[in-house]
Amino acid sequence: MTGGINQEIEDLHWNLGLLQNLEVGLVVLDRDSYICMWNGFMENHSGISASKAIHQNLFSLYPELPAPWLQKQIEAVLLLSNTAYISWEQRPYLFPFKSHRPITGSAPYMYQNVTLIPLSSPTGQIDHIGILIYDVTDNAIGQQKLEAANQQLQSLSRTDGLTGLNNRAYWQECLEKEFDRFARQQETSSVIMFDIDHFKKVNDSYGHQAGDMVIQTIAQTLGQYVRKTDIAGRYGGEEFGAILVGTCGENAKVFAERLRSAVEATVMPYGEHRLSVTISVGIAEVTFEQASALEWLEQADQALYTSKQNGRNQVTRFE
Ligand SMILES: Nc1nc2c(ncn2[C@@H]2O[C@H](COP(=O)(O)OP(=O)(O)OP(=O)(O)O)[C@@H](O)[C@H]2O)c(=O)[nH]1
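Everything numeric here is computed off the predicted structure, so don't read it as measured data. Within each chain, residue numbers correspond to sequence positions counted from 1 in written order. Reporting of local features is limited, given that this is a predicted model, to residues whose pLDDT is at least 70; pairs of side-chain atoms are given and counted only at 80 or more, and all residues count toward the totals for whole chains, interfaces and linings. Working from all heavy atoms in the structure, the side-chain values ignore hydrogens and water.

**Some words on the side chain of threonine 163**
Under the scheme used here, helices are H or I runs from DSSP no shorter than 4 residues and strands are E runs no shorter than 2 residues, and both carry numbers assigned from the N terminus. Along the chain, the position of threonine 163 falls in the loop between helix H6 (137-158) and helix H7 (168-185). In protein, a polar contact means a hydrogen-donor-capable atom and an acceptor-capable atom, both N or O and within 3.5 Å, with residues adjacent in sequence counting only if both atoms are side-chain atoms; elsewhere, any N or O pair within 3.5 Å suffices. Reaching out from threonine 163, the side chain makes a polar contact with the side chain of aspartate 160 at a distance of 2.5 Å. In this structure the side chain of threonine 163 is engaged in a polar contact, spanning 3.1 Å, whose partner is the backbone nitrogen of leucine 165.

In structure tokens, the structure reads:
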């Protein structure tokens, strides 16, 4: 019998030793949030010894904690007798511990997953709560880096390399979205397409590099003229498009005329040369008669063709 008790005490001693040295934070609170256990991990990262922490109210000891939120979580765990998990994605950390990992030196604090466990007494009553703090800084930083890389990749896959505008595939995707939005919300929009006039001559006379520089300059002008909500793109070699969100055909014509005259007035120095070009523009407003975004685009393209036919350097609205 005595041996049994001795064995139990020994087991308890071992268990406490393990909990004390666990690479996980362990805090046990009573129903009034007074600390009953504060393991080595908590001591190391908080700088507060167990002898100082135990018998203290957690929220008095740690005023930085999000008290109303944590109290609500604790109450729910005690009431429902259910374990609660809080991931770093919901709340990056509970205890404001510094990150000590050398490879994640960029993390200002330790990211934490937190588990709240209801603890029952020998009589079966839930009168304590265990808080486990897992240091997930490496995972969190890894995931954040991956997300940033994905975002960068996505942005690259949508961007035209020469001009920095949206590329054709992404721009067309936006046009389709705008067409669907019109079907749902009936808010008008217009699309403009434009093409640099006699661009072949620029390449032939000054070389491909000069041609590229002209394309970049026109793209910049377009970028300066569109609103933040508009979507500008490079459709092809020297052809551009812009979705003028919430703009009727009449106002799109005013916009296009301004853009046309700005391009005409732009002088582009290239070596000892001063280059200038003009653009032909086509406009189409979205309508219920169009069966698809493609038909909407084709109407703008037809209007652009009319501008070319009628002598270039002009704006035509599809009627
Ligand atoms: N420098 C450069 N040239 C390009 C690029 N993409 C297409 N081009 C050139 O753009 C020219 C387009 O010529 P065309 O389609 O005949 O039209 P244009 O000379 O502009 O004449 P119009 O459109 O009828 O006024 C071709 O010479 C293409 O090689 C590019 O990225 N850079």
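Don't stop here, the text continues.
**Overview of the sheet that holds strand S7 (residues 231-234)**
In short, DSSP must find at least two bridges between two strands for them to pair. Sheet architecture is open: five strands sit in the order S7-S8-S6-S11-S12, paired in mixed fashion. Two strands close off the open sheet at either side, each with one partner strand: S7 and strand S12 (315-317). Strand-to-strand twist across the sheet, computed as the mean angle between neighbouring axes with direction ignored, equals 15 degrees. Here strand S11 (residues 279-285) runs beside S12; their pairing, made up of three bridges, is parallel. When the sheet's bridge partners are listed, isoleucine 283 is paired in S12 with arginine 317. To get an axis, a line is fitted to the C-alpha atoms, and for a helix only the part in contact is used. The angle between two axes follows their N-to-C directions and goes from 0 to 180 degrees.

**Some thoughts on the confidence of the model for the protein chain**
Parts of the model with low pLDDT should not have their predicted coordinates read in detail. Mean pLDDT for the protein chain: 93, with 97% of residues reaching 70 or above. Confidence metrics for the complex model read pTM 0.70 and ipTM 0.93. Values of pLDDT, the confidence the predictor places in each residue, fall between 0 and 100.

**Here we look at the sheet that holds strand S5 (residues 126-135)**
Reading across from one edge, S2-S1-S5-S4-S3 is the order of the five strands in this open sheet, with antiparallel pairing throughout. The open sheet has two edge strands with one neighbour each: strand S2 (35-38) and strand S3 (84-86). Looking at each pair of strands side by side, their axes are set apart by 15 degrees on average, direction ignored. Here strand S1 (residues 25-30) pairs with S5 via six bridges, running antiparallel. Across the sheet, the residue bridging to aspartate 30 is histidine 128, located in S5.

**As for the site of the ligand**
If a single non-hydrogen atom of a residue is within 4 Å of a molecule or strand, that residue counts as near it. In the vicinity of the ligand lie 16 residues, with His198, Phe199, Asp212, Arg234 and Lys308 positioned nearest. A distance of 3.0 Å separates an oxygen atom of the ligand from a polar atom in the backbone of isoleucine 196. Backbone polar atom of histidine 198 to an oxygen atom of the ligand: 2.8 Å apart, as the coordinates give it. Starting from 670 Å² of accessible surface for the ligand in isolation, the protein chains cover 67%. Take the shell around the ligand: its biggest share by element is four residues, from helix H9 (residues 208-225). In the scheme used here, Gly and all other residues not listed as nonpolar or charged are polar, with Ala, Val, Leu, Ile, Met, Phe, Trp, Tyr, Cys and Pro taken as nonpolar and Asp, Glu, Lys and Arg as charged. Residues that form the shell around the ligand fall into these classes: three nonpolar, five polar and eight charged. Per-residue accessibility takes into account occlusion by the displayed protein chains alone, with areas from the Shrake-Rupley method and a 1.4 Å probe.

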